[in-house]
Amino acid sequence: QATALEALHEVFARNVSATLSGYLRVLVEFRLISVEQFTYSEFTMSVPTPTIFTSLTCSPLPGNMILDMNPSIIYPFIDRLLGGGSVKPYHINRPFTLIEQCLINSIISKLLEQLRETWLAILEITFRIGDMETNPSLMQIVPPNEPVILLSFEVNMGDHSGLVNLCIPYKVIEPVIEKFSQRKWSMFHKARDDEDSNEILDNVGYAEVGVSVILA
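Residues numbered from 1 in each chain as written. Predicted model: local features only at pLDDT ≥ 70, side-chain atom pairs only at ≥ 80, totals over all residues. Heavy atoms only, no water.

## Details of the pairing of strand 2 (residues 52-59)
- The buried fraction of strand 2 is high, at six of eight residues.
- The pairing of strand 2 with strand 3 (residues 64-69) spans six bridges and is antiparallel. Note on strand 3: the bridge partner recorded for threonine 57 is asparagine 64.
- Here strand 2 runs beside strand 4 (residues 126-133); their pairing, made up of six bridges, is antiparallel. Within strand 4, the position partnered with phenylalanine 53 by the bridge is glutamate 133. (Buried < 20%, exposed > 50% of the residue type's maximum accessible area, 1.4 Å probe, protein only. Helix = DSSP H or I, 4+ residues; strand = E, 2+ residues; numbered from the N terminus. Pairing = 2+ DSSP bridges.)

Written as structure tokens, this is what we have:
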């Protein structure tokens, strides 16, 4: 089950890389680096403050998941969407503006689209953005000692890097835990090969390529 969960989200990471690269018009690497089990309090205490701490509803599964995005990569994303990129963005110690909040939501929405597509191998889930906090301790979606599965992703865009965490309380996936089998994953992996190839080819079209011509 743990192997299937890891393999499932490796596909998610690969698809997010292609999606964000196309959306931001720059190469973005999104890579799964760990799958671990903690209690919810251990997770929240390990997250630096401030951060982008967002609850996700995941109907028909019970409860909420958490998507945590480090400002060290969110600010470069915002800067890129606003036309920047040549100067290293600085961290702003203030609440997000309405425009920044909309841009953050647009990025999260791209991730949720790919998360939904990935989870179709297990269950059709409708992911929606819920509450958002910059201080993890202010969001208690489960009791502190509740076990959670933490999937950590490393994100790189040029000289910028940061972590994205997906926290899944055990009670959320308990109804479908038996579906995480190697057999089901193998079938899903084979079915996604052609789709992944097409998506990569589509996004290659956004790459900027220098062209020079030498006339005789």
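Read on for the rest.
## A look at a nonpolar patch on the surface
- The grouping of Val209, Val211, Val213 and Leu215 at the surface amounts to a nonpolar patch, some 500 Å² of accessible area in total.
- Here valine 209 shows up in the segment after helix 6 (182-204).
- For valine 209, a relative accessible area of 67% corresponds to the exposed category. (Patch = residues over 30% accessible without salt bridge, like charges linked within 9 Å, V, L, I, M, F, W, Y side chains within 5 Å. Areas by Shrake-Rupley, 256 points an atom, 1.4 Å probe, with all protein chains shown as cover. Salt bridge = Lys/Arg side-chain N within 4 Å of Asp/Glu carboxyl O.)

## Observations regarding the nonpolar core
- Ranked by internal contacts, the top residues of the largest apolar core, which has 48 residues, are Phe30, Phe77 and Trp119.
- Excluding anything up to four places from it in sequence, phenylalanine 30 contacts Phe12, Ala13, Arg14, Val16, Ser17, Leu20, Leu111, Phe153, Glu154, Val155 and Val164.
- Core analysis: the second largest hydrophobic core is formed by eleven residues, Phe43, Met139, Ile141 and Cys167 among them. (Core = buried A, V, L, I, M, F, W, Y, C linked by side-chain atoms within 4.5 Å. Contact = heavy atoms within 4.5 Å.)

## So, the packing of aromatic side chains
- As enumerated under the stated definition, the model contains six aromatic pairs in all.
- With centroids separated by 6.0 Å and ring planes inclined at 85°, the aromatic side chains of phenylalanine 12 and phenylalanine 30 adopt a geometry described as edge-to-face. One end of the pair, phenylalanine 12, is in helix 1 (residues 2-24); the other, phenylalanine 30, is in strand 1 (residues 29-39), and 18 residues separate them in sequence.
- Looking at phenylalanine 12, the relative accessible area reads 4%, which means it is buried.
- Arranged with centres 5.5 Å apart and planes meeting at 75°, the rings of phenylalanine 12 and phenylalanine 153 form a pair that is edge-to-face. Taken together, the residues span a long stretch of sequence, with phenylalanine 12 in helix 1 and phenylalanine 153 in strand 5 (residues 147-157) at a distance of 141 residues. As far as burial versus exposure is concerned, phenylalanine 12 and phenylalanine 153 are alike and both buried.
- What links up through ring pairs into an aromatic cluster is the set Phe12, Phe30 and Phe153. (Phe/Tyr/Trp six-rings, centres within 6.5 Å; stacked < 30°, edge-to-face > 60°.)

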